[in-house]
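Analysis of the macromolecular model
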Amino acid sequence: MKSLVTALIVFGLLFGFSAAVLGSETRVETMGMGTFYAYNVPLQSFNSIIKDEYNIGMYPASINSFSNYFFAEISRMNDAVPSGYGYPGTFYKAGAIFKLGPTEKPWYLGAHFSSMRYFHSLYGFGNYYWDGGATHKLNLYYGRKLGDTPFGFTFGYYGSGNKNEDTTTANKYENSLTRYEFGTGLSFLEEKLDLAVQYAMTSWKDDAYYAAPDKVVEDTKPSGNMDLILRARYWMDPMGKYTLVPHFAFMMLNEGMEDYAWNAANAAWELVYEEKLKNTVFDLGIGVNYDASENVLVATDVGFAMVNYKSETDYSDPAVDDEEDKDNFRGLPYFRMGIDAYVLKWLDFRAGVVSASVNYNLKEQNDTVDRTYSWTTTETFLGAGLHWGSLMIDLSLDPEFILEGPNFLSGQDTDDAYDGLAAKASLTYWFE
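Description of the structure in this document. (Residues numbered from 1 in each chain as written. Predicted model: local features only at pLDDT ≥ 70, side-chain atom pairs only at ≥ 80, totals over all residues. Heavy atoms only, no water.)

Looking at the environment of Gly224
Within the secondary structure layout, Gly224 lies in the loop between strand 12 (220-222) and strand 13 (226-234). In this structure, the C-alpha to C-alpha distance between Gly224 and Gly256, residues 32 residues apart in sequence, is 5.6 Å. (Helix = DSSP H or I, 4+ residues; strand = E, 2+ residues; numbered from the N terminus.)

Written out as structure tokens, the structure reads:
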């Protein structure tokens, strides 16, 4: 069975895109509202209850509220799991969004570029010049109002390939991996109701020469590699200092591959088996934004999440038994809490926690293995926001730095992937 850890992380990375203080990927994470992969907890509700520019990837209509800024992301590794899109110590993403057109009816356009790669769980594409996966080409953002309704659209593209066209047939091959991601969203009811749809499709070429049948043939083919995500959230009318934000997410994430080989009995190149990975995600919760004071926001989020993961292998040979494995995760319930508080005119304090009671059921080999596990997992975050004029720097602070201080005071090593001032940083510069 393919690694569930890898599948959940890859899916989460690819789809993961108070108004008094604007935010970033790092701000959302340090308030406990970011992506969360510890022990495969199936939380997909990240970034659903705080309005900031980081919303645009999940709710494209948000682009109508945030524009004229440059953004950049820097990341380390977090407990051996990729945090955000990046790799250890990598300045991995940068882009900008502009407000264009007439003042009375503007439109918005933006893009970002990154070192992010797309990895397919079944087709292990690689290239001589990097470790593997399809490299990121471009992400585009577009928005405008349709009448009085904010509209947004996003597009992402990954692609890499290898090809040998030598005159010697035995040396010829071609392999590539391509992925397209589309997102669109609308905001209704005076921008209280946000709706979003995301769709993605993946394809590849995997041609190689084989002595039998003495020609270049398709080694593998893609099969049903399409993903669909639906999201919704509703900003209820404030009740004093409280604003309730119910939210919902549903995802169908599919990967599939056909594998071919030479059948000597039939003297033909034939399908051996088809393998499919199906991941269904459901997330329902309600968040609360509490304006504790003029410059202090406390956010909480409580909900229920589940991931149903199924791996199927169907063999062409009727003498070989098909295989089916299932992994079912339940977060019953999950709980998030975070704070963003003004400290000085150039400094904000942030902290957050995520806790989930998890039930995990594993079924393998057509239910001959049926095991259930349960536990509670908790992760905490510490952050700071630095701002000078139009420049904002958000940090996910390393607790070791708080405990030990810089090297010249403590003598502790701060050069590896886990120690230092911060594990992640987001930089945002706003311009007119």
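Here's the deal with the pairing of strand 17 (residues 323-344)
Relative to strand 17, strand 16 (residues 296-315) runs antiparallel, the two sharing 17 bridges. What sits directly across from Gly303, in strand 17, is Tyr334. For strand 17 and strand 18 (residues 347-364), the ladder comprises 16 bridges, and the chain directions are antiparallel. Bridge pairing in strand 18 places Leu344 opposite Leu347. (Pairing = 2+ DSSP bridges.)

Considerations on the nonpolar core
If you look at the biggest cluster of nonpolar residues, it comprises 13 residues, and the most contacted ones within it are Tyr123, Tyr158, Leu177, Trp204 and Met257. Leu177 has contacts with Tyr118, Tyr123, Phe125, Ala134, Tyr158, Gly159, Ser160, Thr202, Ser203 and Trp204, leaving out every residue within four places of it along the chain. (Core = buried A, V, L, I, M, F, W, Y, C linked by side-chain atoms within 4.5 Å. Buried < 20%, exposed > 50% of the residue type's maximum accessible area, 1.4 Å probe, protein only. Contact = heavy atoms within 4.5 Å.)

Structural notes on the environment of Thr372
Note that Thr372 resides in strand 19 (residues 369-388). With 13 residues separating them along the chain, Thr372 and Asn359 place their C-alpha atoms 7.2 Å apart. Beyond its immediate stretch of four places on either side in the chain, Thr372 contacts Asn359, Tyr360 and Asn361.

A few points about the packing of aromatic side chains
Applying the stated criterion across every chain, the model contains 18 aromatic pairs. Relative to Phe182, the ring of Phe155 lies with its centre 5.4 Å away and its plane at 45 degrees, an arrangement referred to as tilted. Highlighted residues: Phe155 in strand 8 (residues 149-164) and Phe182 in strand 9 (residues 173-188), separated in sequence by 27 residues. Counting every residue linked through ring pairs, the aromatic cluster contains Phe155, Tyr157, Tyr180 and Phe182. Lys51 extends its terminal NZ or CZ atom over the ring of Trp235, reaching a point 4.8 Å from the ring centre. (Phe/Tyr/Trp six-rings, centres within 6.5 Å; stacked < 30°, edge-to-face > 60°. Lys NZ or Arg CZ within 6 Å of the ring centre and 35° of its normal.)

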